[in-house]
Each structure stands twice: as structure tokens, then as C-alpha cells.
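Single-letter residue listing:
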Amino acid sequence: MRDILSIVKQSMCRAQTVNRLAMWLQDAIDKEGWSRREAARETTVSYSALTAILNGTTKVPELENLDKLARRFKVPLIRLIEYCDYDLGFTTPADREQYLAQLIARQPEYEEAVEGLLALSPSDFEAAARHIELLRRSDQAGEKP
């Protein structure tokens, strides 16, 4: 029974998460007075990706698309990732190093990216790490981001 409740709770959280990002994005588009096609053109996010975010059919939007939206609407990338409602809880640089070591142990293909991740500002590092974790969890659950 606990497993079923856990799955339902996760689904509800995921729906709320997608909903927060979708509501923010729809509001931002409405403020500009754009259609979805105009928003896709203006943000350089593909129409299908933009629509998937707005309709809630994507569980984890691509970091590149979140970055494009953040730049175009002049909001911090970390805010959009927070709309995905994920908190890694980094508090010290040691936490960052420990996280990266664990990431490399789980996914060696990220080893080359570590230097670039360490060069990021703390908020950008956390945003990138959150996205990596969301993608990893999505892959583990067999979902398509």
C-alpha cells in the first residue's frame, strides 16, 4: 500500500511541477502578446518543445530550452529550474565536489564536463546539477524527458 501511495504522491508532485513551469511560461507569453508560434520563434525553443512544456507532456524540459527561456525573458536560470521543484541542497563547495564524484561514479561520460561544472557560479552549478539529476531520474523511471 505504501508503494502505491508513494507513486501517487510522486505523480501529484510531478504534475504540480510541470504545472508551475507551464503557468509561468504561459503568463510570460501572454505578457508579450505572442502566440505559441511567435513565442517559439522569439525564444528559439522549438514549437514542439514549447508546446510540450505548456501542455505538461514533458517531465524534464531540456536545460538548453530552459536557458533559452531564461535569457529571453530575463529571469535567472535557477528560477526556472526551481519551477521544476527540485532541490539538491548544496550548502558548501565540498557538497559540490562530493556530488560530482558520485556523478562520475554513476555516469563516467560526465567526467570531461566536471571542469566546466566547477567553473560555474554556485547558482548555475546548482541549476545544471538539478537538471542532470532530473534527467537521470527520468531515465531510471523509463520516462522520456
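For the structure itself, consult the block above.
Keep in mind the model is a prediction, meaning the values are calculated, not measured.

Q: How would you sum up the overall build of the protein chain? Please name residues and give values.
A: Along its length, the protein chain carries 8 helices and 0 strands. Expressed as a percentage of the 145 residues in the protein chain, the buried residues total 38%. Residue pairs in contact within the protein chain that sit at least 24 positions apart in sequence constitute 63% of those at least 6 positions apart. Put simply, the protein chain shows about 8900 Å² of open surface, and 51% of that area lies on carbon and sulfur atoms.

Q: Talk me through the packing of helix α2 (residues 36–43) against helix α3 (residues 47–55); I want residue IDs and the actual numbers.
A: At their nearest, the axes of α2 and α3 sit 9 Å apart, and the two run at 120 degrees to each other. Relative to α3, the element α2 is oriented oblique. In this structure, α2 crosses over α3, and the sense of that crossing is right-handed. Across the interface between the two elements, Arg36, Arg37, Ala39 and Ala40 from α2 touch Tyr47, Leu50, Thr51, Leu54 and Asn55 from α3. In terms of residue class, the contact of α2 with α3 is made up of 5 nonpolar, 2 polar and 2 charged.

Q: Describe helix α4 (residues 63–72), with residues and values.
A: Among the residues of α4, those classed as buried are Asn65, Leu66, Leu69 and Ala70. Buried residues in α4, looked at end-on, bunch into an arc of 140 degrees, giving them a common side. Positive backbone phi, approximately 55 degrees, marks Lys74, located one or two places after α4.

Q: Can you explain the pattern of salt bridges? Please cite residues and give values.
A: With the rule as written, the count across this model stands at 4 salt bridges. As a salt-bridge pair, Glu42 and Arg72 come within 3.4 Å of each other at their nearest N and O atoms. Pair noted here: Glu42 is in helix α2 and Arg72 is in helix α4, with a separation of 30 residues, a long-range link. On the accessibility criterion, Glu42 (37% relative accessible area) is partly exposed.

Q: Summarise the nonpolar core; cite the residues concerned and give the values.
A: Counting 27 residues, the largest nonpolar core has Trp24, Leu25, Leu50, Leu69 and Leu80 as the members making the most contacts within it. When residues of this core are traced back to their parent elements, those giving at least two are α1 (2–32), α2, α3, α4, α5 (77–83) and α8 (122–140). For Leu25, the contacting residues outside a window of four places in its chain are Leu50, Ile53, Leu54, Leu69 and Phe73.

The rules behind these values
- Residues numbered from 1 in each chain as written.
- Predicted model: local features only at pLDDT ≥ 70, side-chain atom pairs only at ≥ 80, totals over all residues.
- Heavy atoms only, no water.
- Helix = DSSP H or I, 4+ residues; strand = E, 2+ residues; numbered from the N terminus.
- Buried < 20%, exposed > 50% of the residue type's maximum accessible area, 1.4 Å probe, protein only.
- Contact = heavy atoms within 4.5 Å.
- Areas by Shrake-Rupley, 256 points an atom, 1.4 Å probe, with all protein chains shown as cover.
- Axes fitted to C-alpha atoms, helices over the stretch in contact; angles between N-to-C directions.
- Parallel < 35°, antiparallel > 145°, perpendicular 65-115°, else oblique.
- Left-handed = near helix turned anticlockwise from the far one by under 90°.
- Nonpolar A, V, L, I, M, F, W, Y, C, P; charged D, E, K, R; others polar.
- Arc of directions from axis to C-beta.
- Salt bridge = Lys/Arg side-chain N within 4 Å of Asp/Glu carboxyl O.
- Core = buried A, V, L, I, M, F, W, Y, C linked by side-chain atoms within 4.5 Å.

None of the figures reported here should be taken as evidence of function without further support.
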